[in-house]
Amino acid sequence: MDAVLLVGGQGTRLRPLTVTTPKPMLPTAGVPFLTHLLVRARDAGVDHAILSTSYRPEVFEGWFGDGSDLGLRITYVTEDVPLGTGGAIRNVAGHLRHDDFLVLNGDILCGLDLAALVAEHRARRADVTLHLTEVDDARAFGSVPTDASGWVTAFLEKLPEPVTNRVNAGCYVFAPSVLDRIPAGRPVSVERETFPGLLASGARVYGHVDLAYWLDLGTPAAFVRGSRDLVRGVIASAALPGPAGEALVLPGAAVADDAVVTGGTAVGRRARVGAGAYVEGSVLFDDADVAAGARVVGSVVGRGARVGEGAALTGTVVGDEARIGARNELVDGARVWPRVVLPDGAVRFSPDA
Ligand code: GDD
Ligand code: MG
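Residues numbered from 1 in each chain as written. Chains lettered and ligands numbered in written order. Predicted model: local features only at pLDDT ≥ 70, side-chain atom pairs only at ≥ 80, totals over all residues. Heavy atoms only, no water.

**Observations concerning the overall build of the protein chain**
- For the protein chain, the helix and strand inventory stands at 6 helices and 30 strands.
- Scaling as 2.2 N^0.38, a compact globule of 353 residues should have a C-alpha radius of gyration of about 20 Å, and the protein chain matches this with 21 Å.
- Each principal axis of the C-alpha distribution contributes one length, and for the protein chain these read about 65 × 45 × 35 Å.
- Looking at the protein chain residue by residue over its 353 residues, the buried ones come to 54%.
- For the protein chain, restricting intrachain contacts to residue pairs at least 6 apart in sequence, the fraction spanning at least 24 positions comes to 51%.
- Within the structure as shown, the protein chain displays about 14,500 Å² of accessible surface, and the carbon and sulfur contribution to it stands at 50%.
- In the protein chain, 33 positive and 41 negative side-chain charges are present, and the distance between their average locations comes to 2 Å. (Helix = DSSP H or I, 4+ residues; strand = E, 2+ residues; numbered from the N terminus. Rg over C-alpha atoms; globule rule 2.2 N^0.38 Å. Buried < 20%, exposed > 50% of the residue type's maximum accessible area, 1.4 Å probe, protein only. Contact = heavy atoms within 4.5 Å. Areas by Shrake-Rupley, 256 points an atom, 1.4 Å probe, with all protein chains shown as cover. Lys, Arg positive; Asp, Glu negative; His and termini not counted. Charge placed at Lys NZ, Arg CZ, Asp CG, Glu CD.)

**Here we look at the domain arrangement of the protein chain**
- Assigned domains of the protein chain: these are domain 1 (2–216) and domain 2 (246–349).
- Listed as interface residues are 12 residues of domain 1 and, on the opposing side, 16 residues of domain 2.
- Applying the counting criterion to the domain 1 and domain 2 interface returns 0 salt bridges.
- Linking domain 1 with domain 2 are 4 residue pairs in polar contact (both at pLDDT 80 or more).
- Broken down by class, the residue content of the side of domain 1 that touches domain 2 amounts to 7 nonpolar, 3 polar and 2 charged. (Domains from an automatic or database assignment. Salt bridge = Lys/Arg side-chain N within 4 Å of Asp/Glu carboxyl O. Polar contact = N/O pair within 3.5 Å; in protein donor to acceptor, adjacent residues only side chain to side chain. Nonpolar A, V, L, I, M, F, W, Y, C, P; charged D, E, K, R; others polar.)

**Regarding the pairing of strand E5 (residues 73–78)**
- Sheet topology places strand E4 (residues 48–53) next to E5; 6 bridges connect them, and they run parallel. In the sheet register, His-48 faces E5, and the bridge partner there is Arg-73.
- With helix H2 (residues 57–64) bridging E4 and its parallel neighbour E5, the resulting β-α-β unit is right-handed. (Pairing = 2+ DSSP bridges. Right-handed = clockwise from strand over helix to strand, strands pointing away.)

**Examining the nonpolar core**
- Among the nonpolar cores identified, the biggest contains 35 residues, and Leu-5, Leu-34, Leu-38, Leu-51, Phe-64, Ile-74 and Leu-102 are the most heavily contacted of them.
- With 5 residues, the single largest contributor to this core is helix H1 (residues 33–43).
- Judged by nonpolar contacts, the second largest core, of 28 residues, contains Val-103, Leu-132, Val-190 and Val-205. (Core = buried A, V, L, I, M, F, W, Y, C linked by side-chain atoms within 4.5 Å.)

Here it is as structure tokens:
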């Protein structure tokens, strides 16, 4: 089966991590996030993955190559100008076999049984089948009401006042005939144009409700949570490069004997955690350096970045190769841009004891 992976977005909400690395390629529990998705697709019967790229396409191809390491065939199709989610699907039409195919948003971590989604699509003889999940606040998603039998009655993208908390989970099965319904050569949003248009013309769009683990990794807080849940095995992944547990320490990393690394933290290759440091529920990219006595909680430390002695980070994103001087204190939502140097003791949120 073919799968189209939509991976062309700029990942603006994850800046500055996405300044150099596209969102789906950020190291998540030890491997680029997309690896988890590709392996899940492969294990559900996908043998050909089409990566629909636009932003920094070379990063994908440089890492995955022809896909043979993962047991897949991978084709890359790059948009010079972003074509939107629908335009991206239409743009890869020439690479698809004439059969039902999967479409996956490239930033979704989920436990959905993909084979069951495909089986439902075929049993219902649908034109499109959408995975639907439920969230507390649907404003950032496509809300998707259905009738009593599960047929979709409307597709309402990012409403300020959503009509239902059942939302588009970013995973679809398409019948090949739907490709003809998407105009070629211009940007098209599958959410704002294609799905509403299909419904208006009476197409058969089915909503497959599955409430398994589901997370959109599009924000720093969600990215950290996704990595943590993978490391701890809250969501299983065959791509996890080690046993699930409180910490995943990759080869070449050095953690001091009296440092504490816990809460689903991932420690990248050649990263260092110094004496007496405490790291909880965080992601340390390759070559990151957490110095002695530092405290890092729910944070991301970018590639080659350094957190100085006694610094304290909570809910913080540190860009690649940035330097956080000793005894700085950064709290929720702080973002430090790549290569920025913060002098010792420059930022404090609590008075000195
Ligand atoms: N090739 C290509 N070209 N890919 C794109 C483009 C484009 O122009 N624009 C976005 N993408 C990719 C992104 O890389 C991402 O993997 C996926 O399409 C979805 O884009 P997001 O920017 O993450 O969208 P969202 O999270 O705000 O909303 C989407 O996902 C929600 C579920 O997480 C929508 O599909 C919502 O309806 C849905 O509820
Ligand atoms: Mg998203």
